[in-house]
Every structure is written in C-alpha cells, then in structure tokens.
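Reading the structure
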Amino acid sequence: MAIASATLGAAEPFLIQQDWAAYTPEQHATWAELVGRRMPQIEAHACEEYLQGFEQIGLRTDLIPNLADVNQRLRPRSGWRATPVSGFLPPDAFFAMLAARQFPTTTWLRSRESLAYIPEPDIFHDVFGHVPMHAHPVFADFLQHYGAVCAALTDKEALEKMGRLFWFTVEFGVIRQKGKYRLYGSGLISSQGESTYVVEGGPEIRDFDVDQVLNQEFSTSEMQPVLYAVESFDQIYEATREAEKRLCRK
C-alpha cells in the first residue's frame, strides 16, 4: 500500500509500509548469516563512524531491522530516517528523498542462495551498508545536500558527474584513519568480495580530488580499479559544494 507524502513529489508512488511481522524465521536466519559473515572484517576495517552508527541505531545481528525502531534512534541524531520503498527508484524520486533526509530503503531480503551477490539493493545492502553512516552529522548533512543539488540539476552530463561523486563516496568510499584505510562506502561495507579486494591492496587508492572524481568513469560489473580516500567527512561535504559550483554554472 502506498503512503502519500506532500514533500516527496516523484517518490510518492514508491513509498510503502514495512510489514516486519511477515518476515519468516528463515529470513531472519539469512540476515544473521549475512551479518555474521561480514562483522569480523567490518570490525577490523570499517571506519569509526560506521561502527558507532551501527550501535547508535540499534542494529541487531540476529533479526532483520524494524525500520520504525531504527528511525526512533536515528532521527533524533541527524534528522534522517530509513523510508521503505517498493524497489528501485528513478533518479528524480531518489534525489527528492535524499533532499528530504529520507533514505529509500528496500524491504526484501536476498535468499540464502544469493548471500555473496545480488544485482539490486536489498534491505541488507540498504540498512547494514548505508544507514549507520546516516547517524553521523557531517555525513548526514553531506548526503542531504547532495540530494538537493542533484534534484535541481537537469543537465544529463552534470548528473552523470554527480553520480560519480556518489559512487566514489557513498558507495565505494574509503577514509584514512590512524594511518590506515578504513571503509565507509556501502558497496564495500556490504560486500565480502569488494572489501577483501580493497583490504588486500587490489585497487589504486588516490587522494580524494573532486575534479578527478567527477571525471572518473566506473563499471558496476567489476571490482573497482581506482578508489579515492578522504581525510575526513567534512571533505566530501565540501566536495559537494565544489561540484555544485562547477556544474550549476549558468
């Protein structure tokens, strides 16, 4: 059943309720297996802010998240909430939700036969991968501003460049902390293979440079040969402001 909202425009047809009671014991067990597979590497290599966020929003290792419970903890911290949606959103709907501090969150969970990889986001990727970072105030502000900038863009090339900024931060971002590379991008956090590739020194990791990032093409179907490391999350917030200046010129 769709939920109407006066502020989300193009996203309204995609809004649903999460029927948490409908998840089966098998699905909860699959969630527990997914989390159990990831936590040793996450605890060793994720950034401090992700690990803090995981605790702050009350994620459990044994049960699929109840988004209402997650939001009770998340919204007072950053104004964000994980909003259930029916599936993949078109860009205008996606950006409208980010601009409103609502993260579109799928409610289905992959099967046990697809633990390692699925082509589309599920609740594991969306919540385990993304949402803990939304408890961090600077990252939260960055993501909202990113959505607002993209929602105002109409030029296809400019949107493509902004998509690269999202890819190399929100999805495949790394940060230097205490002399080491730490993971914060959801594509790394939620994927054993992608994370292992980074931890074992597979990609070239460059210093984050907004112009390089905006012009760095990528493939969604292979391991990332190049990543960009930031020194702080203030850096990606400022990068969005710089990208806005470059791409929104009249």
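Residues numbered from 1 in each chain as written. Predicted model: local features only at pLDDT ≥ 70, side-chain atom pairs only at ≥ 80, totals over all residues. Heavy atoms only, no water.

1. Notes on the pairing of strand S3 (residues 174–177)
For clarity, the cut-off: For two strands to be treated as a pair, DSSP must find no fewer than two bridges joining them. Numbering goes from the N terminus for both helices and strands, where a helix is a DSSP run of H or I of at least four residues and a strand is a run of E of at least two.
The sheet contact formed by S3 and strand S4 (residues 180–183) spans 4 bridges and is antiparallel. Of the residues in S4, the one forming a bridge with Val-174 is Leu-183. Between the antiparallel neighbours S3 and S4 lie 2 residues, among them Lys-178 with a positive phi of about 55°. As defined by bridge partners, S3 adjoins strand S6 (residues 226–230) across 2 bridges and the pair is classed as parallel. Bridge assignment links Val-174 to a residue of S6, and that residue is Ala-229.

2. A closer look at helix H6 (residues 137–152)
What counts here: Expected span of a helix, by definition, is 1.5 Å for each gap between consecutive residues, and there is one gap fewer than residues. Only protein chains enter the accessibility calculation, which uses a 1.4 Å probe. A residue is then buried if its area is under 20% of the maximum for its type, exposed if over 50%, and partly exposed in between. For this analysis, residues touch if any pair of their heavy atoms sits within 4.5 Å.
Given a rise of 1.5 Å per residue, 16 residues ought to cover 22 Å, and the 23 Å separating the end C-alpha atoms of H6 matches this to within 8%. Buried within H6 we find Phe-139, Ala-140, Phe-142, Leu-143, His-145, Tyr-146, Gly-147, Val-149 and Cys-150. Residues of H6 that are buried in the fold lie against helix H3 (67–78), helix H4 (91–99), helix H7 (156–171) and helix H11 (233–247).

3. Re the environment of Ile-205
Positionally, Ile-205 belongs in strand S5 (residues 204–207). In this view, Ile-205 contacts Val-174, Tyr-181, Val-198, Leu-227 and Ala-229; residues no more than four positions away in its chain are not counted.

4. Considerations on the layout of surface pockets
This is how it is decided: Put simply, the grid is 1 Å and covers the protein atoms alone, a cavity is a trapped set of points that fit a 1.4 Å probe, a pocket is an open set with protein on both sides within 12 Å along at least five of seven lines, and lining residues have an atom within 4 Å of a point. Grid points are joined across faces, edges and corners, and a volume is the space filled by probe spheres set on the points. Ten residues, namely Ala, Val, Leu, Ile, Met, Phe, Trp, Tyr, Cys and Pro, are considered nonpolar, four, namely Asp, Glu, Lys and Arg, are considered charged, and the remaining ones, Gly among them, are considered polar.
The volume enclosed by the largest pocket comes to roughly 1300 Å³. As for the largest pocket, its lining consists of 44 residues, of which Pro-119, Pro-121, His-125, Trp-167 and Glu-171 are closest to the centre. At the level of secondary structure, the elements contributing two or more residues to the lining of the largest pocket comprise helix H1 (25–45), H4, strand S2 (102–106), helix H5 (123–130), H7 and helix H9 (192–199). Considering every element that reaches the lining of the largest pocket, the biggest residue donor is H7, with 5 residues. Here the residues of the lining of the largest pocket sort into 24 nonpolar, 12 polar and 8 charged.

5. Here's the deal with the packing of H1 against H9
The line we're drawing: Under this scheme, a helix contributes an axis fitted over its contacting stretch, all axes are lines through C-alpha atoms, and angles between N-to-C directions fall in the 0 to 180 degree range. The hand of a helix crossing depends on one turn: near helix anticlockwise from the far one by less than a right angle means left-handed, and clockwise means right-handed.
The geometry of H1 relative to H9 is characterised by a closest axis approach of 11 Å and an angle of 30° between their N-to-C directions. Our pair here, H1 against H9, has a crossing hand that is left-handed. Taken together, the residues of H9 that come into contact with H1 (itself represented by Arg-37, Arg-38, Gln-41 and His-45) are Gln-192, Ser-195, Thr-196 and Val-199. Broken down by class, the residue content of the contact of H1 with H9 amounts to 1 nonpolar, 5 polar and 2 charged.

6. Re empty space enclosed by the protein
This model, assessed by the stated rule, comprises 1 cavity of 30 Å³ or more. Gly-129, His-130, Met-133, His-134, Phe-139, Val-170, Tyr-184, Gly-185 and Ser-186 are the residues that line the largest cavity. Residue classes in the lining of the largest cavity are distributed as 4 nonpolar, 5 polar and no charged.

7. Considering the environment of Asp-234
Along the polypeptide, Asp-234 turns up in helix H11. The class of Asp-234 is partly exposed, set by a relative accessible area of 47%. For the pair formed by Asp-234 and Leu-183, sequence separation is 51 residues and the distance between their alpha carbons is 16 Å.

All quantities given are derived from atomic positions and should not be read as evidence of function.
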